[in-house]
Amino acid sequence: MNKYRIYSINGPIVTIRGATELQIMEMVYVGVKRLVGEVIGVDSEKTTIQVYEDTAGLYPQEPVEASGSPMSVSLGPGILGSIFDGIEKPLSAMAAQAGAFITKGVSVPPLDEEKQWDVTVTVKPGDVLSGGMSYAECDETRAIRHKLLVPPSQHGKVVFAAPNGAYRLHDRIVTIQDEHGGTFDLTLCQRWPIRIARPMKERLSPVVPLICGQRIIDTMFPLAKGGAAVIPGGFGTGKTVMQHQLAKWCDADIIIYVGCGERGNEMTQALTEFSELTDPRSGRPLLERTVLIANTSNMPVAAREASIYTGITFAEYYRDMGYHVAMMADSTSRWAEALREISGRLEEMPADEGYPAYLPSRLSEFYERAGRCVTLGGAEGSVSVIGAVSPQGSDFSEPVTQNSKRFTRCFWGLDKALAYARHFPAVNWTTSYSEYIDSLSDWFSENIAPDFTACRNRISALLAEEARLMEIVKLIGAQVLPDEQKLIIEVARVIRTGFLQQDALSDFDGYVPPQKHYRMMKSILSVYDQSKRLIERQLPVSAIVKTGCFDRLVKMKYNIPNDELDRFDELDAENEKALSAVG
Amino acid sequence: MILEHLGLDKISGSLVVLENVDNVFNEEMVEIRLEDGSVRAGRVVMIEGKRAVIQVFEGTRGVSMVNTRTRMTGRPMELKLSPEIVGRVFDGLGRPKDGLGEIYPLLRRNINGSAINPVERVYPKNFVQTGISSIDTLATLIRGQKLPIFSGSGMRHNDLAIQIVRQASVADDESFAVVFAAMGVKNDVAEQFRTSFEESNVMSKVVMFLNLSNDPIIERIITPRCALTAAEYLAFDLGMNVLVIMTDMTAYCEALREFSSSKGEIPGRKGFPGYLYSDLASLYERAGMIRESKGSVTQLPILTMPNDDITHPIPDLTGFITEGQIVLDRALEAKGVYPPISVLPSLSRLMKDGIGEQYTRKDHKAVSNQLFACYSGVQDARALASVVGEDELSENDRLLLRFGRDFEGQFLTQSRTENRTIAQSLDLGCRLLAQLPDELLDRLQKEEIEAYIEPFREKVVS
């Protein structure tokens, strides 16, 4: 490989003087410590490299070594349950080698190369394989079976197939030969460039919801499998708690959690919590279906930019095996800021708020990698992306929020006022929206209840009506409203505190199945309908409040366990009796 | 190879440029000897071929292009460390300032530190009792946390910080230490801290790094890094529980802005550099606990919000990095409430895992949630009362108003020497909640009301 010498150093940006044979986006090793870098600019005078590790201590004239390939990650068994940094350095192995602090230039292979995997080979000599087809399988964790796939660019006839047995990462499993006679060895591991989307056979429309067990999401603003959602919110509004909730409870097979420029303690928390909690479906620790990518805010900024791509590449790899994958990115604003920082060092012309002009195109490229599809191997898989955004000063008009809104179809806006009142999840029901409601309504009708979406729309209308009435109440007080409107305010209060509020830390309110969402909505609406009739017969709202119906509704989320939905019948009967008594 | 260069090729703000330098590395320390023999410290910030750009910490005033000698030290910026740093006073660059002589170093450490590997972190869970009801109950400080105080000019953040240090040290054993970093604060503020540390007999446990308001501005960029390097040494090498007080972070950020603009970088919001977030994170993230040591670094940075604006980039970015914030409020201060902590925007993110039966008391979570919810209701009731008048309010709103007054007058207010235990604070909270009817206690379940609130109701009746 060609070797070059460093000419200038400015923060994470290093240049080489003169023309080189380096390609744009090629991965390079910088300096004697072989820091990982990527070529981001090439012209006749200089080559510009961004370095993914700290450049302090680097001398000019130190060597730069080409790698010959773009910035890539290793894909193979051993990814699940691990914690990596933004460029797939395994943090546990690094800690074992270098101690509690991250030191640069530590060279550890991304995946364990010595571990023996119990491989079942599923092809025999003579079989014809094309890209994306599976040739072997192994149990990556007890929860997930890892399918080994032919790289998308390869195809051919199997000329060698190893017997079933224990193999290490780089052992040859299968050899294929294409029509020109060229052979290609398939091991347990392949490389893929992180900035290129892995191909799929066909896109499918998003008609199945990603069930997260959160009422404000599943019922009010649902996300489809293969969809993309964005959670903007100022600090302290609960973005991270919400991302953790989704990572814990959503019904995806695989979770990729990217902590991009966030707090170190949060990643530690995710790591400990996910290894202690069990997945309700497989009964195994959640960590066995999770990959954590941690590029905390004090780790090098360029690797932060890469971490999002590393995460989505992992997600696509598992999608290709036929899994439903959900990726959480917390927070995409830090990623955008990393772009801005690097763009500033390259002295590019800034656009909106100093962000580079290519911010929207990068965001759209990223969010378009989400989707439900038929994979090259013929299976169905999906990648759903949930990106947190940290707008400066909680101002949603800033470029990252606005552009993310354009490329996603689900918007869960977090609200400071709700967070201050400790109403969690602090998703504002008037500004949030989901464009998936219509395409998912069939699924809800078939799987939950025929009138699920109708109920949801009535709840939403009540909340909207309350918001309108509150404008009046703010000016003249609630006393002067007619009873009919007072009832709406009371019912909306029940919806807000009894339905929308959900305690992430509670034993069974943390995850609530959609069947219970439906029963809760039904109970609220039936009390509302009955009370409305009473009010039409001139009964005052205060009399209805005295029946205790509203209090029972507010507490039903705690009083009725998730697996005893029959008890809603008792609740409804009790409410009906109490209301009939006053009427 | 150590070479000395005579003369400079360019001076721009706090930066000087040297041409024809060999063998210089990124972030190397340099010594700059002026005509009059005085020596200033500098650091290489950019290298282009044989040209090196050097940042001079004490500023370039009085530096001549011709008769200045520059020597490359061959080392990065390091702090000399040994157990004897405890009880000493240093300047903003970590040089002794108290006239007690040099430190004999056991080791030197790069002041930039290294990021803690998240795998090796211990998730902080141990409650620190500050003796201040509003903090202990509603925004609990956890050992290993970074919890800034968002204040404004003229508010009593210093008194609050001093009270926290004093009362937290009481609860702790001898492994307690304080690292105090002053950035651009007035001489008498530093003096106030020093006297109060002496009065409460913790001075022998304090390391001070002082960059006062008349000290060189660029030096301020180094001060917190020196302080945190010392704190990490005390915590992770010597196993102490270290509380780091950094004041004023606003002055630090302004120094960074000045430095950035002199380098000709593209400014971001309000002229602050685009990397302000990363830079602040490189300080705040140095709090925490690690597996291989029993010590901890807890940070209590103080920042004055320019114009009391919490959306200003400095408090805004700080809030995104730190694990919560304690916000002081001028209106409360004007009412005579001390400490004037604005409860609703204040928050401790680590609180949820560090409270409850094992750590504080069983009812802590429920009571604090209900206090928040009720106090938030107080704000609505007040807004309504200001429009329609108190007489027109419903009974519940009137009860809320009374609760609000008592909450501010009894729960928030305490004297500068009053050290309340967590049990006292929680009892006080329950007693206030007991004034309210059950229907306003919507965050508590029936059993919780009976168990925690009801006992206090009987006292009200009798």
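Below or above, wherever it landed, is the structure these notes cover. Being a predicted model, the structure only gives us computed values, none of them experimental. (Residues numbered from 1 in each chain as written. Chains lettered and ligands numbered in written order. Predicted model: local features only at pLDDT ≥ 70, side-chain atom pairs only at ≥ 80, totals over all residues. Heavy atoms only, no water.)

### Quick look at the packing of aromatic side chains
Note the following rule: Note on aromatic contacts: the rings of Phe and Tyr and the six-membered ring of Trp form a pair at centre separations within 6.5 Å, being stacked when their planes are under 30 degrees apart, edge-to-face when over 60 apart, and tilted otherwise. We count a stretch as a helix when DSSP gives it H or I for four or more residues in a row; a strand needs E for two or more, and each element gets its number in order from the N terminus. Each residue gets one of three labels from its accessible area relative to the maximum for its type: buried under 20%, exposed over 50%, partly exposed in between, using a 1.4 Å probe on protein chains only. We count a charge as sitting over a ring when the NZ of a lysine or the CZ of an arginine lies within 6 Å of the ring centre and within 35 degrees of the ring normal.
Here the structure, examined in full by the defined rule, presents 22 aromatic pairs over all chains. With a centroid separation of 5.5 Å and 15 degrees between ring planes, the pair formed by A:Phe411 and A:Tyr433 is classed as stacked. Taken together, the residues span a long stretch of sequence, with A:Phe411 in strand 26 (residues 410–411) and A:Tyr433 in strand 27 (residues 433–434) at a distance of 22 residues. Residue class for A:Phe411 comes out buried when judged on its relative accessible area of 2%. Ring geometry for B:Tyr375 and B:Phe407: centres 4.7 Å apart, planes at 35 degrees, overall tilted. One end of the pair, B:Tyr375, is in helix 10 (residues 364–388); the other, B:Phe407, is in helix 11 (residues 395–412), with 32 residues separating them in the sequence. Both residues of the pair, B:Tyr375 and B:Phe407, count as buried. Taken together, the ring pairs connect A:Tyr309, A:Trp335, A:Phe366 and A:Tyr367 into an aromatic cluster. The cationic tip of A:Arg340 hangs over the ring face of A:Tyr355; the distance from NZ or CZ to the ring centre is 4.5 Å.

### Details of the pattern of salt bridges
Counted only if it meets this: Salt bridge criterion: a side-chain nitrogen from Lys or Arg within 4 Å of a carboxyl oxygen from Asp or Glu.
Applying the stated criterion to the full structure yields 68 salt bridges over all chains. Residue B:Arg156 pairs with B:Asp159 through a salt bridge whose shortest N-O separation is 3.8 Å. The closest approach of N and O atoms between B:Glu395 and B:Arg398, which form a salt bridge, is 3.7 Å. On the criterion of helical spacing, the pair formed by B:Glu395 and B:Arg398 is a turn pair, its members being three residues apart in helix 11. The structure contains a network of salt bridges with shared partners spanning A:Glu262, A:Arg263, A:Glu266, A:Arg334 and A:Glu337.

### Description of the packing of helix 11 of chain B against helix 12 (residues 422–433) of chain B
Residue and element names in this part refer to chain B. To keep things clear, this is the line we draw: Each axis is a line fitted through C-alpha atoms, taken for helices only over the stretch in contact, and angles between the N-to-C directions span 0 to 180 degrees. Oblique is the label for every angle not falling under 35 degrees (roughly parallel), over 145 degrees (roughly antiparallel), or within 65 to 115 degrees (roughly perpendicular). Two helices cross in a left-handed way if the nearer one is turned anticlockwise from the farther one by less than a right angle. They cross in a right-handed way if the turn is clockwise. Residues are treated as being in contact if the distance between any of their heavy atoms lies within 4.5 Å. For this classification, Asp, Glu, Lys and Arg are treated as charged, while Ala, Val, Leu, Ile, Met, Phe, Trp, Tyr, Cys and Pro are nonpolar and the rest, including Gly, are polar.
Where helix 11 meets helix 12, the axes come as close as 10 Å, and the angle between the chain directions of the two elements is 160 degrees. Regarding the angle of helix 11 to helix 12, the classification is roughly antiparallel. Of the two possible hands of crossing, helix 11 and helix 12 adopt the one that is right-handed. Packed against helix 11, whose contacting residues are Phe403, Asp406, Phe407, Gln410 and Phe411, the element helix 12 presents Ser425, Leu428, Gly429, Leu432 and Leu433 at the interface. Of the residues in the contact of helix 11 with helix 12, the class split is six nonpolar, three polar and one charged.

### Description of the sheet that holds strand 10 (residues 117–121) of chain A
Residues and elements named next belong to chain A. For the record, the criterion: The criterion for strand pairing is that DSSP finds at least two bridges linking the strands in question.
The strand order across the open sheet formed by four strands is 13-12-10-15, and the pairing between neighbours is antiparallel. Of all strands in the sheet, those bounded by a partner on one side alone are strand 13 (145–149) and strand 15 (165–167). Neighbouring strand axes in the sheet, compared pairwise and without regard to direction, differ in orientation by 40 degrees on average. Relative to strand 12 (residues 134–139), strand 10 runs antiparallel, the two being bridged by three bridges. Counted as the bridge partner of Thr120 is Glu137 from strand 12.

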